[in-house]
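Here is what each chain is made of, one letter per residue.
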Amino acid sequence: RQPLWPGMLHQPGLRTADVFVYASTTDQRAVHAARRALARVPRVLHVFVTENPGYQEGAIQAVHDARVAPMVRWDAYDWVLRLNPDVRIVNISRLLALMRKPELEAICVKCDLPRLHLMTDFTLLRPRHFLRMLLSKKLEANADSERDLVNQLKLLNVTGKRRAILPNFNIPGPCRVI
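To start, this report covers the structure provided alongside it. (Residues numbered from 1 in each chain as written. Predicted model: local features only at pLDDT ≥ 70, side-chain atom pairs only at ≥ 80, totals over all residues. Heavy atoms only, no water.)

1. Topic: the packing of aromatic side chains
As a reminder of what qualifies: Each aromatic pair joins two rings of Phe, Tyr and Trp (for Trp, the six-membered one) with centres within 6.5 Å, and gets the label stacked for planes under 30 degrees apart, edge-to-face for over 60, and tilted for any other angle. Runs of H or I in DSSP of at least four residues are treated as helices and runs of E of at least two as strands, each being numbered from the N terminus. The cut-offs for exposure are 20% and 50% of the maximum accessible area for each residue type, with area from a 1.4 Å probe on protein chains only; residues under the lower value are buried, those over the upper are exposed, and the others partly exposed.
Summed over the entire model, instances satisfying the criterion amount to two aromatic pairs. Look at Trp74 and Phe130: their rings are 5.3 Å apart centre to centre, the planes differ by 45 degrees, and that puts the pair in the tilted class. Here Trp74, found in the loop between helix H3 (55-63) and strand S3 (80-83), pairs with Phe130, found in helix H5 (residues 127-134); they are 56 residues apart in sequence, far enough to count as distant. Per residue, the accessibility class of Trp74 equals that of Phe130, and both read buried.

Here it is as structure tokens:
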């Protein structure tokens, strides 16, 4: 299955985005499909492939893997976007307007599942916060990726008016498309 985001990179505001791909999979067909999709993307910094330790653990590993910290000059960017391959950005102009607000430290998406309130399929963070997450450990032993994100944002003091929470359009299924 082809990831959706390479096509989105041709939208205004994303054309100059640099792309770093963190792929936690042992499925060589998926890696090959991602590399094929990346062939059309002009600014690919790196494709990092690692074994997937499991559904939730793989999602958590992607934001706590200190091995990728030295691969990118994080301070050269205004924002870092963590995006699953099946996420589609519906309203790029609204997102870009939020990204221009200097008081915001994070832009997250509401999850419609009853036990959660933020999802990890799409998360925008200021680079200093993303780097701190990369170098930190998971805070709760049995936490899923969404609970880990909430815990990390609290630890980083990115709460209240320092973050924007967008709706989840839920097309189809929970926590998939914004």
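2. A closer look at the sheet that holds S3
Quick reminder of the rule: Note: two strands are recorded as paired if DSSP finds a minimum of 2 bridges between them. Comment: axis = line fitted to C-alpha atoms, over the contacting stretch for helices; angle = value between 0 and 180 degrees taken between N-to-C directions.
The four strands lie next to each other as S3-S5-S4-S6, forming an open sheet whose pairing is mixed. Looking along the sheet, the strands with just one partner apiece sit at the ends: S3 and strand S6 (163-166). Going from strand to strand, the sheet's axes swing by 15 degrees on average, the running direction of each strand aside.

3. Observations regarding unusual backbone geometry
In this structure, Asn157 is a non-glycine residue whose phi angle is positive, near 60 degrees. Structurally, Asn157 is set in the loop between helix H6 (145-155) and S6. Look at Asn157 and you get partly exposed, because its relative accessible area is 46%.

4. Observations regarding the nonpolar core
Test applied: Side-chain atoms within 4.5 Å link the members of a nonpolar core, which is a set of buried Ala, Val, Leu, Ile, Met, Phe, Trp, Tyr and Cys residues. By the convention used here, residues are in contact when the closest approach between their heavy atoms is within 4.5 Å.
Judged by nonpolar contacts, the single largest core of 25 residues is most densely connected at Ile89, Leu95, Ile107 and Phe122. When residues of this core are traced back to their parent elements, those giving at least two are strand S1 (19-24), helix H4 (92-99), strand S4 (106-109), strand S5 (119-125) and S6. In terms of residue count, the dominant contributor to this core is H4 (four residues). In contact with Leu95, not counting residues within four places along its chain, are Ile89, Ile107, Phe122, Leu124 and Leu166. Ranked by size, the runner-up nonpolar core spans 21 residues in total, among them Val80, Cys108, Leu134 and Val150.

All quantities given are derived from atomic positions and should not be read as evidence of function.
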